[in-house]
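# A look at the structure
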Amino acid sequence: MRYLPLTDQDRSSMLDSIGAGTVDDLFRDVPADLLLKDRIDGLPTHKGELEVERLFADYAGRNTPAGDAAFFLGAGAYRHHVPATVDYIIQRGEFLTSYTPYQPEVSQGTLQYLFEFQTQVALLTGMDVANASMYDGATACAEAVLMANRLTRRSRAVMSGGLHPHYAETTRTLARFIGFDLVECPPDPENVEDLADRIDDKTSCVVVQTPDLFGHPSDLTALAEACHAKGALLIVAVTEVMSLGLLTPPGDMGADIVVAEGQSIGNSLNFGGPHVGLFATRQKFVRQMPGRLCGQATDAEGNRGFVLTLSTREQHIRREKATSNICTNSGLCALAFTVHLSLLGEAGLLKLAELNHARTIQLVDRLAELKGVKVLNRGFFNEVTVRLPKPAAGIVDSLAKRRVLAGVPVSRFYPDRAELSGDLLVTVTEMTTDADMDALIDGLKEELQ
């Protein structure tokens, strides 16, 4: 809670400076019919500081912290270990600046880590060039569709049924206001959809996720060829970036644009955000890529330095003429990503990814032996979909009372699809212990009796 040391005299002085008589004058342009006439029912009146602290402590006590339970949640946000070294390094003075990460006056430390960040993202995704980050994976996905529309001069995007619903919803919001067509495929928990049949001469791009929402990794080579044969681009979304330590990079499968959520490396769950969006593409498309690029240069005295190299048209011109309206990046989260990945190195990332996969195999083998439980995945990285004979949401709620966060019910994303009510997304990471797995298996046995 912040302490605001303003006196009535301070407020009067500020109001006098701008020609306002009262604080209410600041809101006089709000239409009268939109103003509250009375207090909102159910909200308490003002309270003292100690009372507020107790009230919110009570609210917080109703949550189950990730570290206090057996944890199998994923579906776009993953619980991985973040070494203490990361928090120490990101607070070093070399990375502090009073400027936003996009201003030319930005510090050399910030420019250097953004340069390193871009290099890491390009290597992970198998692409030529990456930008200095975006808000999160969902906004990066929506921006990728806009970029594909500009490059192809078309306005029809096809979205896979395996794409995370939040990514689809963000793109849908832009489509609604900017005006382009979306073809949204139905949810595909068993990975049987054929996207190639949905591409026509008006299609700007196909958006597909791997591993998808349901945990299926895919070889996208044939789909990329089908897109290119029709003049469309392939956009690949990755919600679990840790998987790129083990799986074939999307760029090696023919992707034209790769977007990803980078939270898994260096960043905690953070109650759902802030996270960091990754964005990479081919060199030939770089001038239509949103965001900005930092580059390496040599100054007049021959010293190595870093500069802002390229920026798309953003806030400098009218909004409707801008290449992108995302005018900043996730600087601190990107720094944490870069620090953690630098500490891991290529060998460390591979080892960590292998550990995630091995632990998941261990749990999947046990889940497959449970009576009435069907594992839908033929392949997976660290997340699978299991089909239960009862509604998954009820079982998850019941197990949560026993300190087992069993996973994410698919019905949370698709409440109107009764055929998916028994499907449960289960994630395993290096944080998952044998005791956690025992608790989940024992809990499911009792709930399914």
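Parameters and conventions
- Residues numbered from 1 in each chain as written.
- Predicted model: local features only at pLDDT ≥ 70, side-chain atom pairs only at ≥ 80, totals over all residues.
- Heavy atoms only, no water.
- Helix = DSSP H or I, 4+ residues; strand = E, 2+ residues; numbered from the N terminus.
- Rg over C-alpha atoms; globule rule 2.2 N^0.38 Å.
- Buried < 20%, exposed > 50% of the residue type's maximum accessible area, 1.4 Å probe, protein only.
- Contact = heavy atoms within 4.5 Å.
- Axes fitted to C-alpha atoms, helices over the stretch in contact; angles between N-to-C directions.
- Parallel < 35°, antiparallel > 145°, perpendicular 65-115°, else oblique.
- Left-handed = near helix turned anticlockwise from the far one by under 90°.
- Nonpolar A, V, L, I, M, F, W, Y, C, P; charged D, E, K, R; others polar.
- Pairing = 2+ DSSP bridges.
- Polar contact = N/O pair within 3.5 Å; in protein donor to acceptor, adjacent residues only side chain to side chain.

Let us now look at the overall build of the chain. Counting its regular elements, the chain contains ten helices and 15 strands. Relative to the compact-globule value of 22 Å for 449 residues, the chain shows a C-alpha radius of gyration of 24 Å, a close match. Seen through its principal axes, the chain has C-alpha atoms that stretch 75 × 60 × 45 Å. Expressed as a percentage of the 449 residues in the chain, the buried residues total 48%. Taking as baseline every contact in the chain between residues at least 6 positions apart, the subset at least 24 positions apart corresponds to 71%.

The next point concerns the packing of helix α5 (residues 137–152) against helix α6 (residues 165–179). Axes are the key here: two packed helices are described by the angle between their axes and the distance separating the axes. Interaxial distance between α5 and α6 falls to 8 Å at its minimum, and their mutual angle equals 45°. By the angle between their axes, α5 is oblique relative to α6. As α5 runs across α6, the sense of the crossing is right-handed. Where α5 abuts α6, its residues G137, A138, T139, C141, A142, V145 and L146 lie against H166, Y167, T170, T171, L174 and I178. Grouping the constituent residues of the contact of α5 with α6 by class yields eight nonpolar, five polar and no charged.

With mixed pairing, seven strands are arranged side by side in an open sheet as β2-β8-β7-β6-β5-β3-β4. Both edges of this open sheet fall to β2 (129–130) and β4 (181–184), since each of them pairs with a single strand only. One ladder, built from five bridges, connects strand β5 (residues 203–209) with strand β6 (residues 233–238); its direction is parallel. The partner of V208 across the bridge, within β6, is V236.

This part takes up the sheet that holds strand β12 (residues 383–387). Strand order across the open sheet formed by four strands is β11-β12-β15-β14, with antiparallel pairing between neighbours. Across the chains shown, the open sheet's two edge strands, defined by having one partner strand only, are β11 (374–375) and β14 (408–409). Across two bridges, β11 lies against β12 in antiparallel orientation. Its bridge partner lying in β12, V375 is registered against V386.

Structurally, T360 is set in helix α8 (residues 331–368). In terms of polar contacts, T360 uses its side chain to reach the backbone carbonyl oxygen of N356, at 2.7 Å. In contact with T360, other than residues within four places in its own chain, are F380, F381, N382, E383, V384 and V428.

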